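Structure at a glance
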Amino acid sequence: MEKIVSLCKRRGFIYPGSEIYGGLKGTWDYGPLGGELKFNLKQEWWKTMVKERDDVVGFSGSILMNSKVWEGSGHMQNFTDPLVECKICHQRFRTDQEDAIKEHEKEHGKKASWTEPKRFNLLVEAKLGVVEGEKNTTYLRGEITQGVHVNFKNILNSSRLKIPFGVAQIGKAFRNEITPGNFTYRSVEFEQMELQYYVKPDEKESMKQYDYFKKIRMDWYKNLGIKKENLRFREHKKDELAHYARAAWDIEYKTPFAAPDSEASWKELEGIHHRGDWDLLRHQQFSGQDMNYFDENPLISGKEKFIPWVIETSGGIDRAILFFLIDAYCEEAERTILKLHPKLAPYKVAVFPLLKNKPDLVKKADGIYKELKKYFNVAWDDRGNIGKRYFSQDEIGTPFCITVDFETLENNTITVRDRDSMKQTRIKIEEIKSYINDKLT
Ligand code: GAP
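Definitions and limits used
Residues numbered from 1 in each chain as written. Predicted model: local features only at pLDDT ≥ 70, side-chain atom pairs only at ≥ 80, totals over all residues. Heavy atoms only, no water. Helix = DSSP H or I, 4+ residues; strand = E, 2+ residues; numbered from the N terminus. Buried < 20%, exposed > 50% of the residue type's maximum accessible area, 1.4 Å probe, protein only. Contact = heavy atoms within 4.5 Å. Areas by Shrake-Rupley, 256 points an atom, 1.4 Å probe, with all protein chains shown as cover. Lys, Arg positive; Asp, Glu negative; His and termini not counted. Charge placed at Lys NZ, Arg CZ, Asp CG, Glu CD. Near = heavy atom within 4 Å. Polar contact = N/O pair within 3.5 Å; in protein donor to acceptor, adjacent residues only side chain to side chain. Domains from an automatic or database assignment. Core = buried A, V, L, I, M, F, W, Y, C linked by side-chain atoms within 4.5 Å. Phe/Tyr/Trp six-rings, centres within 6.5 Å; stacked < 30°, edge-to-face > 60°. Lys NZ or Arg CZ within 6 Å of the ring centre and 35° of its normal. Pairing = 2+ DSSP bridges. Axes fitted to C-alpha atoms, helices over the stretch in contact; angles between N-to-C directions. Arc of directions from axis to C-beta.

1. Observations concerning the overall build of the protein
A count of helices and strands for the protein gives 14 helices and 24 strands. Dimensions along the principal axes, computed over C-alpha positions, put the protein at roughly 75 × 75 × 50 Å. Counting across all 441 residues of the protein, residues that qualify as buried make up 50%. Within the protein, residue pairs in contact and separated by at least 24 positions form 66% of the contacts whose partners lie at least 6 positions apart. For the protein, the exposed surface amounts to about 22300 Å²; the carbon and sulfur share of it is 50%. Charge-centre separation for the protein: the mean point of 71 positive side chains lies 2 Å from the mean point of 68 negative side chains.

2. Side note on the site of the ligand
Around the ligand, the surrounding shell holds 22 residues, and the nearest of these are Glu143, Thr145, Glu194, Glu268 and Glu312. At 3.3 Å, a backbone N or O of tyrosine 185 approaches a nitrogen atom of the ligand. At 3.0 Å, a side-chain N or O of glutamine 192 approaches an oxygen atom of the ligand. For the shell around the ligand, the elements supplying multiple residues, two or more each, are β11 (189-199), β14 (266-276) and β17 (309-316).

3. As for the environment of valine 148
By the element assignment, valine 148 lies in helix α6 (residues 145-150). Exposure remark for valine 148: the relative accessible area of 1% places this residue in the buried category. Placed 88 residues apart in sequence, valine 148 and serine 60 show a C-alpha to C-alpha distance of 8.4 Å. The residues contacting valine 148, other than those within four sequence positions of it, are Phe59, Ile155, Val167, Gln169, Gln196 and Tyr198.

4. Examining the domain arrangement of the protein
With domains assigned, the protein is organised as domain 1 (2-64 + 125-328), domain 2 (80-121) and domain 3 (347-440). Summarising the inter-unit geometry, the C-alpha centres of domain 2 and domain 3 are found 55 Å apart.

5. Considering the nonpolar core
Ranked by size, the top nonpolar core spans 52 residues in total, and within it Phe13, Leu41, Met193, Tyr221, Phe323 and Phe324 carry the most contacts. It is helix α10 (residues 317-328) that provides the largest number of residues to this core, a total of 9 residues. Excluding its chain neighbours within four sequence positions, the residues that come into contact with phenylalanine 13 are Leu7, Cys8, Asp29, Tyr30, Gly31, Leu33, Gly34, Leu37, Leu325, Leu338, Pro346 and Ile396. Leu361, Ile368, Leu372 and Ile414 belong to the second-largest nonpolar core, a separate cluster that totals 19 residues.

6. Thoughts on the packing of aromatic side chains
Per the stated rule, a full pass over the model turns up 21 aromatic pairs. Residues phenylalanine 152 and phenylalanine 165 carry aromatic rings whose centres are separated by 6.3 Å and whose planes lie at 5° to one another, so their mutual orientation is stacked. Placement of phenylalanine 152 in helix α7 (residues 152-157) and of phenylalanine 165 in strand β10 (residues 165-174) is noted, with a sequence separation of 13 residues between them. A relative accessible area of 1% means that phenylalanine 152 is categorised as buried. Phenylalanine 165 sits in the buried class, given a relative accessible area of 1%. Centre to centre, the rings of phenylalanine 400 and tyrosine 435 are 5.8 Å apart; their planes meet at 75°, and the pair counts as edge-to-face. Of this pair, phenylalanine 400 sits in strand β22 (residues 400-404) while tyrosine 435 sits in helix α14 (residues 432-439); the two residues are 35 residues apart in sequence, bridging distant segments of the chain. Each residue in the set Tyr185, Tyr253, Phe257 and Phe323 is aromatic and connected to the rest through ring pairs, giving one cluster. The lysine or arginine in question, lysine 38, covers the ring of tyrosine 30, its NZ or CZ lying 4.0 Å from the ring centre.

7. A short note on the sheet that holds strand β6 (residues 92-94)
Hydrogen bonds along the backbone pair up the strands of a sheet, which may run parallel or antiparallel. Taken together, 3 strands build an open sheet; the order of strands is β6-β5-β7 and the sheet is antiparallel. Both edges of this open sheet fall to β6 and β7 (118-121), since each of them pairs with a single strand only. Between one strand axis and the next, the sheet turns by 50° as a mean value, whatever way the strands run. Note: strand β5 (residues 80-85) against β6, 3 bridges, orientation antiparallel. Each residue of the ladder has a partner; that of valine 84, found in β6, is phenylalanine 93.

8. Let's talk about helix α1 (residues 2-11)
Burial in α1 covers these residues: Ile4, Leu7 and Cys8. Mapping the buried residues of α1 onto a view down its axis gives an arc of 100°, with all of them on the same face. When the buried face of α1 is taken as reference, the exposed residues oriented beyond 90 degrees from it are Glu2 and Arg10. Taken together, the buried residues of α1 touch β1 (14-16), α10, β18 (329-332), β19 (335-338) and α12 (386-396).

In structure tokens:
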């Protein structure tokens, strides 16, 4: 982990938030390469969950909402973590963090003692208004979900959607986490990618959809290159189910955060939740607005009305990025490689003139660079020797490097070097675009 954290900072993937002012715990900034990686990951998710489907539409809700939303959703009452406080130094821990509690007890020896567990609400407060004393308290959204449910009727009335259908969203969420940590794994500010899929209130039918979404979400991570031995499903026990969930399975990743292969090394990456009618029914009760869906039913005269059930897939973008980076990181002989899937890699290709001081080579390479930039994110490097340039690109996951050499000037061919195999292939300049495109599909 130390090596990954250091690489992230050194090469511009992820920096600690507000670093020059001493930081802000649980916040992170994405640098030039991290920003690209995040963008690519979101694009892949949107492609699979929205663009390639006929039954899902996109949505983008606001972060700030009327505080009554959070009463309706149950977050004011139930969105809590149980925590204990050390009576000596007042440090707080979640009660399920047994290892950290034991570690802390060792520091204080026999004197260690704890308060009774207390519930701590995770919603982050925000004050709105300009006049001191008259400011309204609201909350930064604790999950991106509620924007979709409170707009259920707006979405229905402005589209021609018929159940079953889904609404997909990507956006920031905020939680007053008691113990942020493990790099970006548990942050105060993070991004989620979610699908809210509305189905008929039918046990058998909804479970069929639930199993289907479990599978497509797991396949998504595998298809983008996470090793299958590092992924698993885990079902939530009855006593750990969130207040809205009838059933929940997590997709978990085997992290290096705890002893290798220990149970504690498996950490949540994404949750697949059966939310039943919790959200729409609660918002109907709290807002007084009708949240029923009206279905044409040829078997009965007129329309059938019901509150739909919801199957949710809820993934963390920052966690996904962290786990993709951990899974891709490897060291071989004298090089470090990020074996990121080409679809995720910040740069798809790098272009090098063999020698910096030969204007013909530089001009030719620059032409190729500019042409490829129309289609891909392309890196340019003319420093040092070719070997060093290759290693520098390997470390940030660039899948292909193109070198323009003297033979290029004679016959318009270049060498393409593959990141993982280090194999070099000589191809015609006009073939480069389709060569890279093939690897991106
Ligand atoms: N709408 C359902 C929901 O929010 P969740 O299991 O609380 O469910 C979904 O969160 C995902 O959001 C998690 O699987 C995780 O990837 C991500 N996530 C949750 N809390 C996080 C945090 N403090 N830091 C980073 N990611 C977090």
